[in-house]
Amino acid sequence: MSQTHSDYRLSQLDQLEAESIHIFREVAAEFEKPVLMFSGGKDSIVMLRLAEKAFYPAKIPFSILQVDTGLDFPEVMETRDRWVSRLGVNLVVASIDDAIRDGIIPDAAKISRNRLQIPTLLNAIEENGFTAAFGGGRRDEEKARAKERVYSHRDEFGQWDPKNQRPELWSLYNGRLHEGEHMRIFPISNWTELDVWDYIGREGIEIPNIYFSHQRRVFERDGMLMSETPLNPLREGEVVEERTVRFRTCGDITLTGCVESTASTIEEIIDEVSIARKTERGATRGDDRFSEAAMEDRKKEGYF
């Protein structure tokens, strides 16, 4: 239910929701074939909920696209399948393993699994003729994402040039494209991690249970707690122990760390996030620690 102040202004959360719904509708009207990139994490699930509300009672008028690394958390994939089944949306899966098998990715053994998402995604966009791809990036996550416009232009090679983006004044968006180009769209750019959790709580949104406190066998690596899994063999000196943890973000199981936490409800998570000093990516994503410009370098090549 919407909340208003005494002078009939919408609450901050309702303003953010209205802005995001407006962006979804603008893109659906303006672009020939949009798609929603879906990882199964909290941000992409919130986006799916916003898309559902934007077009209700009609079905969501575009497909969702998942880049399958083969290293996803099982709990995330189970939640994804339940959302797809409930909404009746078309799911397009771009598999890294298939891309390697089909020769789309040369010298795959020399590239990290995380970076293999880039050619896999770009091939899926080109192969399916997608002209706009919704992403769940937020400006508060990471400094490279803070540079993004809501409409983020990508050239014919899928590359992003932060110095060649279009102005966005008064919520006016320029979606003009040349042949072979596409646009990345970020409807929740102006949201924060706390806004996302407030919205999940208000809407009663189903998310993977690994976001909540649970017991897990973990080991410490590079200052992060990593899950024990055959996909991530222990290195010399690393010791596995059981701790009470939760995940702040969901990604590649070999690169995504968890945090010690007893927060088992939305309200407890909101309390925890409200005093956190690091964003979820900064605290638990190993793929952002390779260099100061790791995210920006990947985005320039075509990353989410």
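Everything numeric here is computed off the predicted structure, so don't read it as measured data.

Reading the values: the criteria
- Every chain is numbered independently, its residues counted from 1 as its sequence is written.
- Residues qualify for local features only when their pLDDT is at least 70, as the model is predicted, and side-chain atom pairs are given and counted only at 80 or more; totals for whole chains, interfaces and linings, by contrast, use all residues.
- No hydrogens and no water enter the side-chain calculation; it runs on all heavy atoms of the structure.
- Any two strands with at least two DSSP-identified bridges between them are counted as paired.
- Under the scheme used here, helices are H or I runs from DSSP no shorter than 4 residues and strands are E runs no shorter than 2 residues, and both carry numbers assigned from the N terminus.
- To obtain an axis, a line is fitted to C-alpha atoms, over the contacting stretch when the element is a helix, and the angle between two such axes runs from 0 to 180 degrees between their N-to-C directions.
- Note on terminology: a nonpolar core comprises buried Ala, Val, Leu, Ile, Met, Phe, Trp, Tyr and Cys residues joined through side-chain atoms within 4.5 Å.
- Think of it in three bands: residues with accessible area under 20% of the maximum for their type are buried, residues over 50% are exposed, and the middle band is partly exposed, with areas taken using a 1.4 Å probe on protein chains only.
- Contact between two residues is taken to exist if any of their heavy atoms lie within 4.5 Å; hydrogens are not considered.
- The length a helix should cover is 1.5 Å for every residue beyond the first.
- Side-chain atoms alone can form a polar contact between residues adjacent in sequence; in general such a contact is a pair of N or O atoms within 3.5 Å, and within protein one must be able to donate a hydrogen while the other accepts it.
- Each salt bridge in this description consists of a side-chain nitrogen of Lys or Arg and a carboxyl oxygen of Asp or Glu lying within 4 Å of one another.
- Should an angle lie under 35 degrees it is considered roughly parallel, over 145 roughly antiparallel, and from 65 to 115 roughly perpendicular; all remaining angles are considered oblique.
- Definitions for this section: a left-handed crossing has its near helix turned counterclockwise from the far helix by less than a right angle. A right-handed crossing has that turn clockwise.
- Within 6.5 Å between ring centres, the rings of Phe, Tyr and Trp (the latter by its six-membered ring) count as paired, and their orientation is classed by plane angle as stacked under 30 degrees, edge-to-face over 60, tilted in between.
- Only Lys NZ and Arg CZ are tested; either one counts as a charge over a ring when it is within 6 Å of the ring centre and within 35 degrees of the ring normal.

A. Local environment of the sheet that holds strand 3 (residues 91-95). Strand order across the open sheet formed by 6 strands is 3-2-1-4-6-5, with mixed pairing between neighbours. Edge positions in the sheet fall to strand 3 and strand 5 (151-154), since each of these pairs with one other strand and no more. Each neighbouring strand pair of the sheet contributes to a mean axis angle of 30°, computed without reference to strand direction.

B. The arrangement of the sheet that holds strand 7 (residues 214-221) in detail. The 4 strands are arranged 8-7-9-10 in an open sheet whose pairing can be described as antiparallel. Of all the strands in the sheet, the pair left with one neighbour each is strand 8 (224-227) and strand 10 (259-260). Relative to strand 8, strand 7 runs antiparallel, the two being bridged by 4 bridges. Across the sheet, Arg-221 pairs through a bridge with Met-224, a residue of strand 8.

C. Local environment of the nonpolar core. Residues Phe-24, Leu-36, Ile-185, Trp-191 and Trp-197 are the most contacted members of the largest nonpolar core, which totals 58 residues. Looking at this core, the elements with two or more residues in it are helix 1 (12-30), helix 2 (42-55), helix 3 (74-87), strand 4 (132-134), strand 6 (182-185), helix 7 (193-203) and helix 8 (266-274). Each residue touching Trp-191, except ones within four places of it in the same chain, is listed here: Leu-13, Leu-16, Glu-17, Ser-20, Val-46, Leu-50, Arg-138, Asp-140, Val-196 and Tyr-199. In terms of nonpolar packing, the next biggest core, distinct from the first, is built from 15 residues, Met-37, Ala-99, Leu-121 and Ala-133 among them.

D. Structural detail: helix 5 (residues 117-128). Relative to the 16 Å expected for 12 residues at 1.5 Å per residue, helix 5 spans 16 Å between its end C-alpha atoms, a close match to the ideal helical length. Within the sequence span of helix 5, burial applies to Gln-117, Ile-118, Thr-120, Leu-121, Leu-122, Ala-124 and Ile-125. Positioned one or two residues after helix 5, Gly-129 has a phi angle of 70°, which is positive.

E. Structural view of the environment of Arg-202. Tracing the chain through its elements places Arg-202 in helix 7. Considering only alpha carbons, one finds Arg-202 and Ile-266, 64 residues apart in sequence, at a separation of 9.6 Å. Separated by 3.3 Å, the side chains of Arg-202 and Glu-17 make a polar contact.

F. Spotlight on the pattern of salt bridges. Taken as a whole and judged by the stated rule, the model has 23 salt bridges. A salt bridge links Arg-202 to Asp-14, with the shortest nitrogen-to-oxygen separation between them at 2.8 Å. Linking Arg-202 in helix 7 with Asp-14 in helix 1, this pair joins segments that are 188 residues apart in sequence. Asp-14 sits in the buried class, given a relative accessible area of 3%.

G. Focus on unusual backbone geometry. Here the amide bond leading from Tyr-56 into Pro-57 is cis, since omega sits at 10°, within 30 degrees of zero. With respect to the helices, strands and loops of the structure, Pro-57 is situated in the loop between helix 2 and strand 2 (63-68). Phi is positive for Trp-170, which is not a glycine, with a value near 55°. For Trp-170, the position within the fold is in the loop between strand 5 and strand 6. With phi around 60°, Ser-171 is a residue other than glycine that occupies positive phi space. Tracing the chain through its elements places Ser-171 in the loop between strand 5 and strand 6.

H. Here's a closer look at the packing of helix 2 against helix 7. Across the interface, helix 2 lies against helix 7 with an axial gap of 11 Å and an inter-helix angle of 55°. Classified by the angle between their axes, helix 2 and helix 7 sit oblique to one another. Relative to helix 7, helix 2 is oriented so that their crossing is left-handed. Counted together, Lys-42, Asp-43, Val-46, Arg-49, Leu-50 and Lys-53 of helix 2 and Glu-193, Val-196, Trp-197, Tyr-199, Ile-200, Arg-202 and Glu-203 of helix 7 form the full contact between these two elements.

I. Up close: the packing of helix 7 against helix 8. Between helix 7 and helix 8, the least distance of the axes is 10 Å, while the angle of their chain directions is 170°. With respect to their mutual orientation, helix 7 and helix 8 come out roughly antiparallel. Each of Glu-193, Leu-194, Trp-197, Asp-198, Ile-200 and Gly-201 in helix 7 lies in contact with helix 8, whose residues at this interface are Ile-266, Ile-269, Ile-270, Val-273 and Ser-274.

J. Local environment of the pairing of strand 5. The side-chain alternation of strand 5 yields two buried faces, one formed by Tyr-151 and His-153 and the other by Ser-152 and Arg-154. As paired strands, strand 5 and strand 6 are joined by 4 bridges and run antiparallel to one another. By the bridge assignment, Ser-152 is partnered in strand 6 with Arg-184.

K. Local environment of the packing of aromatic side chains. All told, the structure shown has 9 aromatic pairs when counted by the stated rule. With 4.9 Å between their ring centres and 15° between their planes, Tyr-151 and Tyr-173 make a pair best called stacked. Placement of the pair is Tyr-151 in strand 5 and Tyr-173 in the loop between strand 5 and strand 6, with a sequence separation of 22 residues. As far as burial versus exposure is concerned, Tyr-151 and Tyr-173 are alike and both buried. An aromatic cluster of at least three residues, connected via ring pairs, comprises Phe-24, Phe-55, Phe-62 and Phe-134. Across from the ring centre of Trp-83, 4.7 Å away, lies the NZ or CZ of Arg-86, which sits over that ring.

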